[in-house]
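The primary structure of each chain is shown beneath.
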Amino acid sequence: MRAHPSVYFEQLSTCRAASSQSWLINVDGTIRNAANFNCLHFLAAPLYKLYLGNNYCGSSDSYKNFPKVFNHSLVLQPPVGPCMREVVRKDYRDLTPNEQSAYLRGLNILKAMPSFNNFGNRYNDFVGAHASAGSWYHSTPMFLPWHRAFLRFFELELQLALGNSSFGLPYWAWGADTDEWWDPAVGILNSTAFGTVSNTTDPNLCITDGIVANWTSSQGSCIRRYYDTTGFNENAIFDEATMLGLIQVDPYTQKPYTSFNDWSVYVGIPHGIFHMAISGSSPKGDYGNIGMISNSPDDPVFFLHHGNLDRYWKYWQRYNPKISLSYDGKQYYPPGIKTQTPVSVSDTLITFNFPVKRALEYDSGMMCFTEQPYSLSLDSIQVAYGALSKRSRRSLKETKAQKQQASKAAAQVSAKMQASKAAAQALTKKQTSKEAAQISMKKQASTKQTTVSNASKISANQNNKNSNSQKNSN
C-alpha cells in the first residue's frame, strides 16, 4: 500500500462494520480522493495521521480510470429481494405530535452522540460525509442515487437512536407551500419546529428559535438562514402541479422520458432553487448553511428537502417503468480530470461502496420505505401521487385521460420554463437597450459638443477677419 510520505497509517479499532469508506490512490502514490462515512479521518498538521478501519475488501477491486482501489473498509452489502416491511415517510406536518417530538428528539440525540470521525458528534459525521467528496455527487448522474443512500443511512441511524425500527424520515412537501413557504403558520420554518430566520438583533446573526437555536454547526458556528420574510421571490419554488408535470413528460421534448439523466438534470433546477431560497444571503453577501454544499446538512431542513426530492424521483420511477432503474450520462472519474466517462449501474457508489444499482431500487433491497402524500395537497395532486405510491414496477398502465393530463401538465411546465427564459431575455434586452440609449446619448452629446466647438471656432475666425478688415480700412 503506497501513500504520501507525510501520511502514515494506523488502525482505528472503534470503526464499525455498519458504515463504509471508499478512496482512491493516484499513480504517483498520493491520495486523490477520500469520501469518508465513518471509518477514516485525517488529523491536520503537524501529525498528518490517516486512520483506517479494519474491514477490508478484496485487492482485485478496481475503479474506472484508476489503477486500483486499495484496501478499504467496506459496508456489508445491502440485502436483496423484496422488502418484508416498509417504513412510511410523511410530510412533517402529517406526523402526530408525539412523532414530531420523537424526530426532533432523535436529531438532538445524534447531536449529543460521540463522533466516529472526529467531527464533534454523530450528526456532524453525516455533514462531513456529505462534504467529503461533494464533486462526485453534485451536478452529476450520481446525484440522486447518492442522496437516496445517504438519506436511508440517516434514517437507519435515527431508528437506532430512537429505538424504533418503524421510524420513517419525514419530508417537507414544499410544492404545496410555494407561495407562502416562508410563513411560520403554513410551512415548517417556525419557532416550535426547525426555527425561522437569522435574528438581526443577534451579533452573530444566529437563528435563535426552534430546534437549531442552540446548535453548533460542523464549522463551529451557529445555524443561519437569510431568506426574505416578506415573501419576495415567494413563487420561485416549484409548485406541486409543476412538479407533477415534470415527472410525467420531458418538458423540452413534450414527450415521454427516454433518459434518466434528463430527469436528473431537470429536477436539479427546483433542487437548487429551494436550497438558495431557504439560504438567502446576508447584507454582507454570506449564505445560510443550507446554501453551502460543504455543510448544507448542518441545517436539518436539508433532510426534509431531500426527502421530498427523493419522493419526486420515486414517483418519476413509477411513472416511467421502462427506464425506472436506468442510469445514464457521463461523469468525470475522478472529478478534476479532463475526460468524462459513461456511467454504469455497476459503478461503485462513492462513500457507500456498493453498486449504484442498489440505490436505484425501491420496494426492495435496503430501500424499504414508501411515501404518504401530504394531506393538505390539492385533491387532484393527492390522487395522482397516491396512485403512483401504489404502483408496482411490474404493472404500470396509463389511461387515455392520464396521458392527456400528463401532456397538459408538461405544457404548463414548459410554459413556466419558457416564461423564465423569456423574462431573463427581456431583462437582458432591456439592459442592452438601456446601454444602447446611453451610448446614443453620449454620441449625441459628443456631436453637439463638437458642433458647438466648431461654431465657436468659425465665429472666432470671423471676428478676427472683421478686425483685420477694419484695421486695413483705417
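This report concerns the structure included in the present document. (Residues numbered from 1 in each chain as written. Predicted model: local features only at pLDDT ≥ 70, side-chain atom pairs only at ≥ 80, totals over all residues. Heavy atoms only, no water.)

### Description of the side chain of Thr140
Going by this rule: Only DSSP runs of H or I covering at least 4 residues are called helices, and only runs of E covering at least 2 are called strands; the numbering of each starts at the N terminus. Exposure is judged per residue with a 1.4 Å probe applied to protein chains only, and the accessible area is read against the type maximum: over 50% gives exposed, under 20% gives buried, and values in between give partly exposed. Contacts: residue pairs with any heavy atoms within 4.5 Å of one another.
Considering the arrangement of structural elements, one finds Thr140 in the loop between helix H2 (122–132) and helix H3 (143–162). With a relative accessible area of 13%, Thr140 lands in the buried category. Non-local contacts of Thr140, meaning those with residues more than four positions away in its chain, are made with Ser135, Ser264 and Gln331.

### Quick word on the packing of aromatic side chains
Operational definition: Only Phe, Tyr and Trp rings take part, Trp by its six-membered ring, and two of them pair if their centres are within 6.5 Å. Stacked means planes under 30 degrees apart, edge-to-face means over 60, and tilted covers everything else. Whether a charge lies above a ring is judged from NZ of Lys or CZ of Arg, which has to be within 6 Å of the ring centre and within 35 degrees of the ring normal.
This structure, assessed with the given rule, holds 26 aromatic pairs. Centre to centre, the rings of Tyr103 and Phe167 are 5.9 Å apart; their planes meet at 25°, and the pair counts as stacked. You can see Tyr103 sitting in helix H1 (residues 97–112) and its partner Phe167 sitting in the loop between H3 and helix H4 (240–248), a full 64 residues away along the chain. By relative accessible area, which is 0% here, Tyr103 ends up buried. Relative to Phe302, the ring of Phe150 lies with its centre 6.2 Å away and its plane at 80°, an arrangement referred to as edge-to-face. Of this pair, Phe150 sits in helix H3 while Phe302 sits in helix H6 (residues 301–319), and the two are 152 residues apart along the sequence. Here Phe302 falls in the buried class, since its relative accessible area comes to 0%. Ring pairs connect the aromatic residues Tyr123, Phe126, Tyr137, Trp146, Phe150, Phe154, Trp215, Phe302 and Phe303, which therefore count as one cluster. Stacked on the ring of Phe369, the Lys or Arg Arg89 has its end atom at 3.6 Å from the ring centre. The cationic tip of Arg311 hangs over the ring face of Tyr312; the distance from NZ or CZ to the ring centre is 5.1 Å.

### Describing the state of the cysteines
Keep this limit in mind: The disulfide definition used here is simple: a pair of cysteine sulfur atoms within 2.5 Å.
For the coordinates displayed, the defined rule picks out two disulfides. The disulfide partner of Cys83 is Cys368, and the S-S distance across this bridge is 2.1 Å. On the sign convention where negative means left-handed, the S-S torsion of about -90° between Cys83 and Cys368 marks this disulfide as left-handed. Placement of Cys83 in the loop between strand E5 (49–52) and strand E6 (87–89) and of Cys368 in the loop between helix H7 (357–360) and strand E9 (369–371) is noted, with a sequence separation of 285 residues between them. Here Cys83 falls in the buried class, since its relative accessible area comes to 18%. One disulfide bridge connects Cys206 with Cys222, the sulfur atoms lying 2.1 Å from each other. Taking the torsion about the S-S bond as the criterion, the Cys206 to Cys222 disulfide, at about -85°, is left-handed. Highlighted residues: Cys206 in the loop between H3 and H4 and Cys222 in the loop between H3 and H4, separated in sequence by 16 residues.

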